[in-house]
Amino acid sequence: MTRSRLRGGDLRAPFFGVRIAADISFEVDAEDPYQRQRLRRIARAREYAPRLHKGHFFSHQTAASIWGGPLPLAFTEDGRIADDFPPHVCALGPLAEPRTSGIIGHRTRWSFTAMTEHDGLRVSSPAATWASLGSLRLHDLIALGDYFCREWRQGRGRPDPGRTPLATPDDLRRMLEVGRRIGADRLRAALPRIRQDSWSPRESLVRCVLADAGLPEPQLNVDVFDDAGRFLGCVDMSYGQEKVAVEYLGMLHGATWAADVERIAALRAAGWIVIEVTAPLLKRPEELARRVASALRRAR
């Protein structure tokens, strides 16, 4: 291709040496800011992928997003929700660290990672990705570990039973123990608190808030039936003996909102105390813990 063609107005150059038709976009719009940032990280990775060296792979936050893992919201220095995410690109073994403008380069040893492919992109394994993110806060590491280790068990209200988990707690432990890690203390603190039956990062955070407050840890995603054996719903978190349920209410719309209203009403009609957790309540962890503790005392 000629130099003038490479400068054509119908092309864009997201990275040096890469040209993409201007009307092609890898991004998908999403109302949820967490989802929007995840898709933006993946879009940037796809833009860089044509020049990925055979010994390089996507790692760290970029890898977590490619696997669909939850990450905390990222903000700019002036407090706005970030929308630009340089891909994390890692070199394996003796290869030089990637230094292309617009990326964040890393280099690691064979023993510290495992490389695989997911959705057409070369990426660190789920366990290696988790172990590389020790700079995250403790609760975020727990939520990411919950996601990677989720077991898709059988149950009336459970989706995709039998689906293979992305990793196991033993996989995470092996990656953590291969050598010195950034944030090793946080990773070690997070590991025993990872559960294999959490369905969302907000559920993980609610569980952490309750445990940090000294409350008993609830059961996760339990199918609940009334005394006649009628299925009432799958409860996010439950204290079965006390009949106390804790439900996180995310971005609910239309039929989803109506279904949750009916499910919570059925639980209450069957004698359950239901604590509904919203995003504003989750920002007040002391109040959330107080409400659950009060419900447990009333139930006893």
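Higher on the page you've got the structure.
Residues numbered from 1 in each chain as written. Predicted model: local features only at pLDDT ≥ 70, side-chain atom pairs only at ≥ 80, totals over all residues. Heavy atoms only, no water.

S.K.: For this particular structure, what's the right way to read the layout of surface pockets?
M.R.: To find leftover empty space, one rolls a probe the size of a water molecule over the atoms. By volume, the largest pocket is sized at about 1600 Å³. What lines the largest pocket is a set of 49 residues, and nearest its centre among them are Asp32, Tyr34, Ser200, Pro201 and Arg202. Split by residue class, the lining of the largest pocket holds 22 nonpolar, twelve polar and 15 charged. The computed volume of the second largest pocket comes to approximately 440 Å³. (1 Å grid on protein atoms, 1.4 Å probe; cavity = no way out; pocket = protein on both sides within 12 Å on 5 of 7 lines; lining within 4 Å. Points joined across faces, edges and corners; volume = space filled by probe spheres on them. Nonpolar A, V, L, I, M, F, W, Y, C, P; charged D, E, K, R; others polar.)

S.K.: Would you mind going over the side chain of Asp146 with me for this structure?
M.R.: Among the structural elements, Asp146 can be located in helix 5 (residues 138–149). The class of Asp146 is buried, set by a relative accessible area of 1%. Within polar-contact distance, the side chain of Asp146 engages the backbone nitrogen of Arg195 at 2.8 Å. Other than its neighbours up to four places away in sequence, Asp146 contacts Arg193, Ile194, Arg195, Ser198, Ser204 and Arg207. (Helix = DSSP H or I, 4+ residues; strand = E, 2+ residues; numbered from the N terminus. Buried < 20%, exposed > 50% of the residue type's maximum accessible area, 1.4 Å probe, protein only. Polar contact = N/O pair within 3.5 Å; in protein donor to acceptor, adjacent residues only side chain to side chain. Contact = heavy atoms within 4.5 Å.)

S.K.: Quick question: what am I supposed to make of the packing of aromatic side chains here?
M.R.: By convention here, two paired aromatic rings are described through the distance between centres and the angle between planes. The full count for this structure, using the stated rule, is four aromatic pairs. Ring geometry for Tyr48 versus Phe58: centroids 6.3 Å apart, planes at 75°, classification edge-to-face. Within this pair, whereas Tyr48 is found in helix 2 (residues 33–48), its partner Phe58 is found in strand 3 (residues 56–58), the two being separated by ten residues in sequence. The class of Phe58 is buried, set by a relative accessible area of 0%. (Phe/Tyr/Trp six-rings, centres within 6.5 Å; stacked < 30°, edge-to-face > 60°.)

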